[in-house]
Amino acid sequence: MPVAADSLVLYKIHPARVLSVGDKIEIELEGGQSKRVRPKDITPLHPGPLKRLAELQEPGTAQLEEAWELLEGAETDLKELAELIFDAFTPASAWAVWRLLDEGLYFQGTPDAILPRAREAIEQDRAEREAKARAEQEWADFMERLGAGRIIDADRARLAEVERLANQQGEHSRILKALDLPETPQAAHRLLVGVGYWPPEHNPYPARSKVPVTDPVLPVPALPDEERLDLTHLPAFAIDDEGNQDPDDAVSIDGERIWVHVADVAALVTPDDALDREARARGANLYLPEGIVNMLPAAITEQLGLGLRETSPALSFGVTLDDDGRLSAIEIRPSWIRAQRLTYAEAEARLAEAPFAALNAAAERYRARRQAQGAAGIDLPEVSVRLRDGEIVIRAIDRHGSRAMVTDLMLMAGEAAATWSGARGIPIPHATQPPPDSIQQPQGMAAMHAYRRQFKPSRTSIEPGPHFGLGLDAYARATSPLRRYADLLVHQQVRAALRGDEPLSAEQVSARAGEADQGGIAVRRAERQSNQHWKLLYLKRRKAWQGEGIVVEVGERKHGVIIPALALETKLRAKTDLTLDQRLELGVAEVDLYDLDARFRVLG
C-alpha cells in the first residue's frame, strides 16, 4: 500500500496521519505532535484521505462473528477484513480492524496476512481474559474497601499475606506495596487492626518469635511404682503468686534441716522420649498476660503439681545450713510430701510464726553469705501484667519478705544440685555469670540501673563456675522442671545417678541444653514484647493516666526514665535540667502500639 499525504499509518502501536513524504516521512500523532520517521518505522493501514486523527471513531455496527465464520481457515488482509466486518474500507474501519488484530482474540498476523484463530483457542483465550478482568475488578474493589478502612469476609483470604508479614513469616506484601506503605511488620500490624482483620488488642509477638501458642498434646504415662522417702509428716508449703497454675516447688524444715521439694517431672519424662523432645524444643513455659502455654501437657502438672493432690511425688533436696550460710549434708531423694498451697501475701502474714520464722532466718543467713561474695544488690521495679475478663491488670511485685525468702531457699536447692552432681562427676547444665568490670553495691534507682547494664549475660556451662549475680561458686537451675527444660535436664541426670543408671554424657547434656536455650530465648523475647504490648494497651485505654517517673539517665537531649508503677523504661525530653533519681510527675503524650513505644510529658 503506497504512503502518501493524508494516509493512515501505524507508528509503533499508535495511529498516525502522514503529513508529507520525502527522504523521511513526516507524521502527525494524537495530540497534534509531529515527527519525522523512516519508512521502515511505519506500517501503512489506509491510503486516505484522512484529514484529522479525530475521524478514527468507531465505524458502526461490527459483524465480527460473521466475518470470522466466513473466513475460518482462510487467509485475508486488512482491507478485505474491514469490508467484511464494517461493510466498508475507511480509515476508521482500517484502524478498528487493526485494533482487533492487535487484541488477538479472533484474528492474528499482520495487515497483509491475517488468519482467523481456531474456535477452541478463542474460547480459552476469552475465558482467561474474562477471568483476568474479573480479578482486576475484584482487586480494585478490595483496594477501595481497604482505603475506606473496612473489609468483607471474602477479603480475609487476601489479607493472609499481610498477616504473614505482620507475624514476620514473610518479607513482602503486594497489598502494602499497592497502598504505598512500608513492607514492615509494624505497618502490616497497623493495617490489619485498622481494617478490623485483627482486634485492636491482638498480640502478634508470640507468632513473631515463632513459639507454640498451644499446649502440647501427648500421652502421659502413669507414675512408676518406686521407693520414695516419706516426708508427709513435715508441713510443706508451696508458696507462689495468686492464681498460679503450675506449683512446682515447696519448702519444709525439720529441725536444722531444710527441705526444698520440687515436682518430680523426671519420673515421667525420660531422655529422648516424645515428652522430652517436645519440652526441649520449646525450652520453657510461655507466660503471657493472656495465659500460660506449657512446655509439657497439662496432665503432667495435674499429676505432679505440688499441693494439687493430697500427697505429691517430689524430688526433695535436703540441706543443713552452717552458721556462715554454707550448705552441708546435701541429700537428694525421691519423696512423698503433703503440700499446702499459699500465696506470697499469705506467707508474708505468717513470717513471724513457725515454721516460717525458721525458714526466713535460714534464708537471711544464706543471703548474707551470697552478698558477702558479691551478689548484686539490684532492686529495680517489676510488675505482673495479666489479662482478666478483658481488663489489663498491672500489679507491682515486691521482691522482699516472703518472696525473698522463697528465692533464697530455691537458690539453696540450685547450689545443692550443682554441688551434689559435681562431687559425683555427673554432667549437668550450670548457670554461670562473669563479674562486671567494677563490683559495686549501688544505692538508688539510677545507680542500680547503671550497674545492671554492666552485667554480662548468664551462660549455660557443663563445667561448674561462679555465678556473680547470685554470689555463688556453683549453681544449677533445678526448682522449676515443669516450667524450664534446663531444670528438667538436671533432674534427669540426678535421677539416673540415684537409680544407678549411666547418666547422659557431657556432650549429650551440652547439646540438649543448647537446643533448649534457643527455645528459651524465643520464649523470653515473646514474653518481654507481649508484656510491653499490654502495658501500652493499658496506657492507650487510659489516656488521662498520670504517674511517677524516676530519672535514671541524663543525656544531652533525652533522659532515661523508669516508671515504677509500670516497670517501664522510656526516653523523655525535658525543657529543664534533670538530675539522677529526680522524681517527676508524668502524663501520657502518645502511645505507638505498633512500634512498642510510648512518649510521656512532664506535668507541672
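Visitor: What am I meant to see in the packing of aromatic side chains here?
Guide: For any pair of aromatic rings, the description rests on two quantities: the centre-to-centre distance and the angle between the ring planes. Applying the stated criterion to the full structure yields six aromatic pairs. The interplanar angle of 70° and the centroid separation of 6.4 Å between the aromatic rings of Trp 68 and Tyr 106 together place this pair among those described as edge-to-face. On the criterion of sequence distance, the pair formed by Trp 68 in helix H1 (residues 64-71) and Tyr 106 in the loop between helix H3 (91-103) and strand S6 (107-110) is long-range, its members being 38 residues apart. Given a relative accessible area of 9%, Tyr 106 falls into the buried group. For the ring pair Trp 545 and Phe 600, a centre distance of 5.9 Å and an interplane angle of 70° mean the geometry is edge-to-face. With Trp 545 in the loop between helix H17 (506-541) and strand S21 (546-553) and Phe 600 in strand S25 (residues 597-602), this residue pair connects regions lying 55 residues apart in the sequence. Across the pair, exposure class does not vary: Trp 545 and Phe 600 are buried alike. Among the aromatic residues, those joined into a ring-pair cluster are Tyr 451, Phe 455 and Phe 468. Here the basic side chain of Arg 156 rests over the ring of Tyr 197, its NZ or CZ set 4.4 Å away from the ring centre. Note that Arg 257 overlies the ring of Trp 259, its terminal NZ or CZ placed 5.4 Å from the centroid.

Visitor: I keep staring at the environment of Ala 299 and nothing clicks. Help me out?
Guide: Locating Ala 299 in the fold gives a position in helix H11 (residues 298-304). Taking the relative accessible area as the measure of exposure, Ala 299 reaches 30% and is therefore partly exposed. Put simply, Ala 299 and Leu 218 are 81 residues apart on the chain and 9.3 Å apart in space, counted from C-alpha to C-alpha.

Visitor: Please explain unusual backbone geometry as it appears in this structure.
Guide: Glycine aside, negative phi is the norm for most residues, and most peptide bonds take the trans geometry. Following Gly 48, the chain continues to Pro 49 via a peptide bond in cis, the omega torsion being 5°. When you line up the elements, Pro 49 lands in the loop between strand S5 (42-46) and H1. At the junction of Ala 354 and Pro 355, the peptide bond is cis and its omega measures out at -5° in the coordinates. You can see Pro 355 is positioned in the loop between helix H12 (344-348) and helix H13 (356-372). The phi dihedral of Lys 12 falls on the positive side, at around 60°, and the residue is not glycine. Within the secondary structure, Lys 12 is located in the loop between strand S1 (8-11) and strand S2 (14-21). Accessibility expressed as a relative area gives 60% for Lys 12, which makes it exposed. Positive phi, normally seen in glycine, also occurs at Asp 87, with a value near 65°.

Visitor: Can you help me understand the environment of Leu 342 in this one?
Guide: By the element assignment, Leu 342 lies in strand S16 (residues 339-343). The spatial distance from the C-alpha of Leu 342 to the C-alpha of Ile 426 is 34 Å, given a sequence separation of 84 residues. When sequence neighbours within four positions are dropped, the list of residues in contact with Leu 342 reads Phe 237, Ala 238, Ile 239, Asp 240, Arg 350 and Phe 356.

Visitor: Teacher, can you tell me more about empty space enclosed by the protein here?
Guide: Which parts of space are left empty comes out when a probe the size of a water molecule is rolled across the atoms. For the structure shown, the criterion picks out one cavity of 30 Å³ or more. Reported here for the largest cavity is a volume of approximately 40 Å³. Around the largest cavity, the lining residues are Ala 266, Val 269, Thr 270, Pro 271, Gln 492, Arg 495, Ala 496 and Arg 499. Taken together, the residues of the lining of the largest cavity break down into four nonpolar, two polar and two charged.

Visitor: I tried to follow the sheet that holds S5 on my own but got confused; where do I start?
Guide: Hydrogen bonds along the backbone pair up the strands of a sheet, which may run parallel or antiparallel. In spatial order, the strands read S4-S3-S2-S1-S5; together these five strands make up an open sheet with antiparallel pairing. The open sheet terminates on both sides in strands that have one partner only, identified here as strand S4 (34-37) and S5. Here the strands of the sheet are splayed against their neighbours by 40° on average, with no regard to which way each runs. Two elements, S1 and S2, share four bridges in a ladder whose sense is antiparallel. When the sheet's bridge partners are listed, Tyr 11 is paired in S2 with His 14.

Visitor: Any chance you could explain H3 here in plain terms?
Guide: Each turn of an α-helix holds 3.6 residues, which means side chains three or four residues apart point in the same direction. The first and last C-alpha atoms of H3 sit 18 Å apart over 13 residues, in line with the 18 Å expected at 1.5 Å per residue. Those residues of H3 not exposed but buried are Pro 91, Ala 92, Ser 93, Ala 94, Trp 95, Ala 96, Val 97, Trp 98 and Leu 101. Contacts from the buried residues of H3 go to S1, S2, S5, helix H2 (78-86), S6 and strand S7 (113-116).

Visitor: Explanation requested: the layout of surface pockets in the structure shown.
Guide: The computed volume of the second largest pocket comes to approximately 510 Å³. Every residue lining the second largest pocket is counted, 26 residues in all, and those nearest its centre are Thr 570, Lys 571, Leu 572, Arg 573 and Phe 600. Mapped onto the lining of the second largest pocket, the elements with two or more residues apiece are S21, strand S22 (559-563), strand S23 (568-572), strand S24 (583-592) and S25. The leading source of residues in the lining of the second largest pocket is S25, at six residues. The class makeup of the residues in the lining of the second largest pocket is 11 nonpolar, six polar and nine charged.

Visitor: How should I be thinking about a positive patch on the surface in this particular structure?
Guide: Together, Lys 210, Arg 524, Arg 525 and Arg 528 line one region of the surface with positive charge. Looking at the element boundaries, Arg 525 is found in helix H17. The exposure class assigned to Arg 525 is partly exposed, which follows from its relative accessible area of 31%.

Visitor: Can you help me understand the packing of helix H16 (residues 485-499) against H17 in this one?
Guide: When two helices pack together, their arrangement is captured by the angle between the axes and the distance separating the axes. In the contact formed by H16 and H17, the axes pass within 9 Å of each other and the chain directions differ by 160°. One finds that H16 runs roughly antiparallel with respect to H17. The chirality of how H16 crosses H17 is right-handed. On H17, the residues touching Tyr 485, Leu 489 and Gln 493 of H16 are Val 509, Arg 512, Ala 513 and Ala 516. Residue classes in the contact of H16 with H17 are distributed as five nonpolar, one polar and one charged.

Rules used throughout
Residues numbered from 1 in each chain as written. Predicted model: local features only at pLDDT ≥ 70, side-chain atom pairs only at ≥ 80, totals over all residues. Heavy atoms only, no water. Phe/Tyr/Trp six-rings, centres within 6.5 Å; stacked < 30°, edge-to-face > 60°. Helix = DSSP H or I, 4+ residues; strand = E, 2+ residues; numbered from the N terminus. Buried < 20%, exposed > 50% of the residue type's maximum accessible area, 1.4 Å probe, protein only. Lys NZ or Arg CZ within 6 Å of the ring centre and 35° of its normal. Contact = heavy atoms within 4.5 Å. 1 Å grid on protein atoms, 1.4 Å probe; cavity = no way out; pocket = protein on both sides within 12 Å on 5 of 7 lines; lining within 4 Å. Points joined across faces, edges and corners; volume = space filled by probe spheres on them. Nonpolar A, V, L, I, M, F, W, Y, C, P; charged D, E, K, R; others polar. Pairing = 2+ DSSP bridges. Axes fitted to C-alpha atoms, helices over the stretch in contact; angles between N-to-C directions. Expected span 1.5 Å × (residues − 1). Patch = residues over 30% accessible without salt bridge, like charges linked within 9 Å, V, L, I, M, F, W, Y side chains within 5 Å. Areas by Shrake-Rupley, 256 points an atom, 1.4 Å probe, with all protein chains shown as cover. Salt bridge = Lys/Arg side-chain N within 4 Å of Asp/Glu carboxyl O. Lys, Arg positive; Asp, Glu negative; His and termini not counted. Charge placed at Lys NZ, Arg CZ, Asp CG, Glu CD. Parallel < 35°, antiparallel > 145°, perpendicular 65-115°, else oblique. Left-handed = near helix turned anticlockwise from the far one by under 90°.

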